[in-house]
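# Observations on chain architecture
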Amino acid sequence: MEHIRTTKVEQVKLLDRFSTSSKSQTGTLYLTATHLLFIDANQKETWILHHHIAAVEKLALTTSGCPLVIQCKNFRIVHFIVPRERDCHDIYNSLLQLSKPARYDELYAFSYNPKQSEVERVQGWQLVDLVEEFDRMGVPNSNWQLSDANRDYKICETYPRELYVPRSVSKPIIVGSSKFRSKGRFPVLSYYRKDNEAAICRCSQPLSGFSARCLEDEHMLQAISKANPTNRYMYVVDTRPKLNAMANRAAGKGYENEDNYSNIRFQFVGIENIHVMRSSLQKLLEVCGSRGLSVNDFLSGLESSGWLRHIKAVLEAAIFLAKAIAFEGASVLVHCSDGWDRTSQVCSLGSLLLDPFYRTIKGFMIHEHVHSCQFGNFIGNCQKEREELKLKEKTYSLWPFLLDEQKKYRNPIYSEHFSQSFAVLEPDTVSFNFKFWRNMYHQFDHTMHPRQSVLNHVMNMREQNKLLEKDIKELEAKLGHHATKEETDAAFTKEPLRSVHPVSPVHKTLECFKKEQPLLRANDCIRTIEGANAADNRYSEYMEELSKTEPGMVSLEYGVARMTC
């Protein structure tokens, strides 16, 4: 609270940045220890978490007040007009401090309390278990083992305690390979495909320079290749542009020399580094936030940002990986410079394309709540750091929240049959298939969206379809019960009916409809068919006779067809 100079400012205007008439809402702005809150005249609340704020800008004073523009990490941009410059200056300085915590324990997750008991807190952290997940994939097995070499984080601080490596690999091999890899990130198992024994492994770039080599690292890659008995060669995918990888050689790093590694096929995929990505995203946000752009100017700005090209590059790399695993049965080792952003993106997306499990709620449990700052799951850069912060004791897990609210995240047009038929996804990466995701980048700009939510409309239709399918099943059950009852009744009255009505059923049917049809109204016909009019038994008399020697289908065919005409 020491950073908050002004807690409440009245007569603040919230501008609609896409309105051509400078439309605004007037209300009160509150500054709390965790949130910025705006309440308009209609009591509508707008909450902004301090840790969501990426940038705050105080513009030049105008006749209507002092403008304050806030850009958030979740693509929200808010534009306030504060009546007094002094109040605007105080809020500006407070937000600069509150949006950039100096310590981990200043994060909102350490003060957030969802009113769970201690038992519920512990259970929440146990919902996602990596050992259990590898067991689902069929690991450990005859070719892969759980290694305790990194039990005390002595080999690689940023790796977990539990790591899966080829069974033929010993601890000296692991240690030697880690010393030859940037940040000590030696090759470890990321995903295992049980049906063909192909694997996705990840690591960082080798410290090869122009000529250096490491026998332990070479042995490690050979062991990964041999752990797949169905295919002896493996791919090494470097996610960087080749020029960048060659530049790293001058710094004593680089990429694998195919002459030193047996049975590998090397592949560059050309994903730019994090600095280029950030610059591209900033250009995209500038285009999204511009008012009065023509369609041509918007499309030109979108193209020059390069954002969709970067998305395309990541997806194409994941597709290459998925095809190598699923169709060639080859294992793949993925790395970039230090094995961070690009490596994680490609391995995760490749697994998503390969395995339908990761396209379920349980398998995909991650959403925009990564930025909610309410939960401790994504605080820290590695398992060691999370243990030191005691996140499981001091914060709550995201997973129970997602499972309780999973109805919100269900795909309304999901088809289990389709998912099973197309277990491995192969997206078409033709350029025109990549679209600007309005619901992501303009999710808070309600004037940019249709008045009726498409998702809500589809969900409502889905619920209606479920009710209709339920009604159909109930009606089918009633019809089946009714048909069984008629067959039973016909069996008991078989002999008397034969003696009373010796005429051929088909001939009788034709004549009876010629005679009786003019006497029946349409609504009487329907009630008789459904069995709702017990007093009128003319039709049931014919039905009993028809069921004597002909199949029920023939009787219904004549009866229903004629009586509903």
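Just so you know, these numbers come straight off a predicted model, no measurement behind them.

## Description of the sheet that holds strand β14 (residues 331–335)
The strand order across the open sheet formed by five strands is β10-β11-β14-β12-β13, and the pairing between neighbours is mixed. Of all the strands in the sheet, the pair left with one neighbour each is β10 (188–192) and β13 (264–268). Each neighbouring strand pair of the sheet contributes to a mean axis angle of 25 degrees, computed without reference to strand direction. Alignment of β10 against strand β11 (residues 199–202), held across four bridges, turns out to be antiparallel. When the sheet's bridge partners are listed, Leu189 is paired in β11 with Cys201. Lying on the sheet, helix α9 (residues 307–326) is in contact with β11, β12 (234–238), β13 and β14; it crosses β14 at an angle near 155 degrees.

## A few points about the pattern of salt bridges
This model, assessed by the stated rule, comprises 17 salt bridges. Note that Glu118 and Arg121 form a salt bridge whose closest N and O atoms lie 3.3 Å from each other. Of this pair, Glu118 and Arg121 are both found in helix α2 (residues 118–125), three residues apart, which corresponds to roughly one turn of the helix. Close ionic contact of Asp195 with Arg193 constitutes a salt bridge, the shortest N to O distance being 3.2 Å. Among the residues examined, Asp195 registers a relative accessible area of 60% and is labelled exposed.

## So, the nonpolar core
Trp144, Phe186 and Leu189 are the most contacted members of the largest nonpolar core, which has 64 residues in total. In terms of residues, this core owes the most to one element, α9, which gives 10 residues. When near neighbours in sequence (up to four residues on either side) are disregarded, Leu189 contacts Phe134, Val139, Trp144, Tyr164, Ala199, Ile200 and Cys201. In terms of nonpolar packing, the next biggest core, distinct from the first, is built from 22 residues, Val9, Leu14, Leu31 and Val78 among them.

Cut-off values and rules
Residues numbered from 1 in each chain as written. Predicted model: local features only at pLDDT ≥ 70, side-chain atom pairs only at ≥ 80, totals over all residues. Heavy atoms only, no water. Pairing = 2+ DSSP bridges. Helix = DSSP H or I, 4+ residues; strand = E, 2+ residues; numbered from the N terminus. Axes fitted to C-alpha atoms, helices over the stretch in contact; angles between N-to-C directions. Contact = heavy atoms within 4.5 Å. Salt bridge = Lys/Arg side-chain N within 4 Å of Asp/Glu carboxyl O. Buried < 20%, exposed > 50% of the residue type's maximum accessible area, 1.4 Å probe, protein only. Core = buried A, V, L, I, M, F, W, Y, C linked by side-chain atoms within 4.5 Å.

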